[in-house]
Amino acid sequence: MEEILKLKRQHKLVVAADGGAASGKTTGAKLISKKYGLKFLSSGLLYRHASYILLKYKPKNIIPFLKNHFNNLSLKELNNKNLHLPEISAYTSVIAKKKKIRSILKTYQKKFANKYNKVCIEGRDIGTVILPHADIKFFFKCNLNIAAKRRFKELRKRNKRITFTEVKKAMRIRNNLDKKRKNSPLIQAKNAVIVQTDKLKNIKGMLNKMSETIEEKIKEKYGS
Ligand code: C5P
C-alpha cells in the first residue's frame, strides 16, 4: 500500500494552485487537500459569488455592499450550482478586473490562509499576489481544446442546447481577459511547478505528480 507522508498538527504547509479555466486546478487542489489534510478554498467561487450577488441585488454602492457581504460570508454560500452558469462565468471575469473588488476578496483569502496551518487556495493570482510566500506553487496548464471538452461535458449535463463551439469561445475570451488585465493577471509565478494536465494520462497521474512535489517539500521542511 502507498505510504503517505503525514503532516503533524503543528506543521505548516501553504499551497497555491493557479491556472486557466478548466485546466484541472480545482480537481488537483481538492485531491491533494484531502490527501494531506489541507483546508481548501476555491477563490474562483468567491469571484463567482461576488458576480452572482451583484447581478441578483444590483446594489447602488457596489463596494460597501460587497465589503459588508464578504465580512460575513460563510463558505456554505459558495455551494451554489448557479455560480457555474455560463452568464455568471462571463460576468465574473469582467468584475474580476476591478481593483477595489479584488482587494475585498484578497482580505477574505488572506484571513482564510492565516486561520489555518495547512491550506491550499486555488485561483489565478494565488502564487503571485495572495500567497507569494507559499511553500509550493502549482501552475496548471491545458490545451484549450481539451479544457473546453472537459467544461462542455460538465455544462452539457445541465443544458442540452449548449454547443462545444460556444463553450470553447467563452473560455478563450475569459482566459484572455484574465491574462491581459492590469490587476493581478493570470501569470505563472517564478518558482511554480507546472502541471500540464493534457499530458498526464489520468487524474491518478496528476495526483502522483502533485504528491511527489508535496512530499519533497515536507521532507525538506520537517525531515522524513
Ligand atoms: O476558477 P474559476 O474559473 O471558477 O474562476 C472564475 C473567474 O474568476 C475567472 O475567470 C477569473 O476572472 C476570476 N478569478 C480571478 N482571480 C482568482 C480566481 C478567479 O480573477 N484568484
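For the structure itself, look to the data block above.
Residues numbered from 1 in each chain as written. Predicted model: local features only at pLDDT ≥ 70, side-chain atom pairs only at ≥ 80, totals over all residues. Heavy atoms only, no water.

### Some thoughts on the site of the ligand
For the record, the criterion: What makes a residue near a molecule or strand is one non-hydrogen atom of that residue sitting within 4 Å of it. Side-chain atoms alone can form a polar contact between residues adjacent in sequence; in general such a contact is a pair of N or O atoms within 3.5 Å, and within protein one must be able to donate a hydrogen while the other accepts it. Here the Shrake-Rupley method, with its probe set to 1.4 Å, supplies the accessible areas, and only the displayed protein chains count as covering residues. Helix and strand labels come from DSSP, where a helix needs a run of H or I of at least four residues and a strand needs a run of E of at least two; each type is numbered from the N terminus. Residue polarity is assigned by list, with Asp, Glu, Lys and Arg as charged and Ala, Val, Leu, Ile, Met, Phe, Trp, Tyr, Cys and Pro as nonpolar; anything else, Gly included, falls into the polar class.
Close contacts around the ligand come from 15 residues, with Arg 48, Arg 102, Arg 124, Arg 174 and Asp 178 the closest. In this structure, an oxygen atom belonging to the ligand sits 2.8 Å away from a side-chain N or O atom of Arg 124. In the model, an oxygen atom of the ligand is placed 2.9 Å from a nitrogen or oxygen of the Arg 181 side chain. In isolation the ligand has 450 Å² of accessible area, and contact with the protein removes 97% of it. No other element matches helix 2 (residues 43-57), which puts four residues into the shell around the ligand. Broken down by class, the residue content of the shell around the ligand amounts to two nonpolar, five polar and eight charged.

### Thoughts on unusual backbone geometry
Heads up, the condition is: A simple rule labels every residue: compare its accessible area, found with a 1.4 Å probe on the protein chains alone, to the largest value its type can have, and call it buried under 20%, exposed over 50%, or partly exposed in between.
Phi angles above zero are rare outside glycine, and Lys 58 is one such case at about 40 degrees. With respect to the helices and strands, Lys 58 occurs in the loop between helix 2 and helix 3 (62-71). Lys 58 gets classed as exposed once you look at its relative accessible area, which sits at 64%. Unusually for a residue other than glycine, Ser 184 sits at a positive phi of about 45 degrees. One can find Ser 184 in the loop between helix 8 (164-180) and strand 5 (193-196).

### Remarks on the environment of Lys 219
By the secondary structure assignment, Lys 219 is in helix 9 (residues 203-222). Considered as a pair, Lys 219 and Cys 120 are 99 residues apart in the sequence and their alpha carbons are 18 Å apart.

### Focus on the sheet that holds strand 1 (residues 13-19)
Inclusion rule: One requirement defines pairing of two strands: DSSP has to find at least two bridges between them. Axis definition: a line fitted to C-alpha atoms, limited for helices to the stretch in contact. Angles are taken between N-to-C directions and run from 0 to 180 degrees. Residue contacts are counted whenever heavy atoms from the two residues lie within 4.5 Å of one another.
Strands sit in the order 2-3-1-4-5 across an open sheet of five strands; the sheet is parallel. What marks the edges here is a single partner per strand, and that holds for strand 2 (39-42) and strand 5. Across the sheet, the axes of successive neighbouring strands diverge by a mean angle of 20 degrees, strand direction being ignored. Where strand 1 and strand 3 (residues 118-123) come together, six bridges link them in parallel fashion. Of the residues in strand 3, the one forming a bridge with Leu 13 is Lys 118. Across the sheet, helix 2 is in contact with strand 2 and strand 3; its angle to strand 2 comes to roughly 40 degrees. Relative to the sheet, helix 5 (residues 99-115) contacts strand 2 and strand 3, its axis offset from that of strand 3 by approximately 155 degrees.

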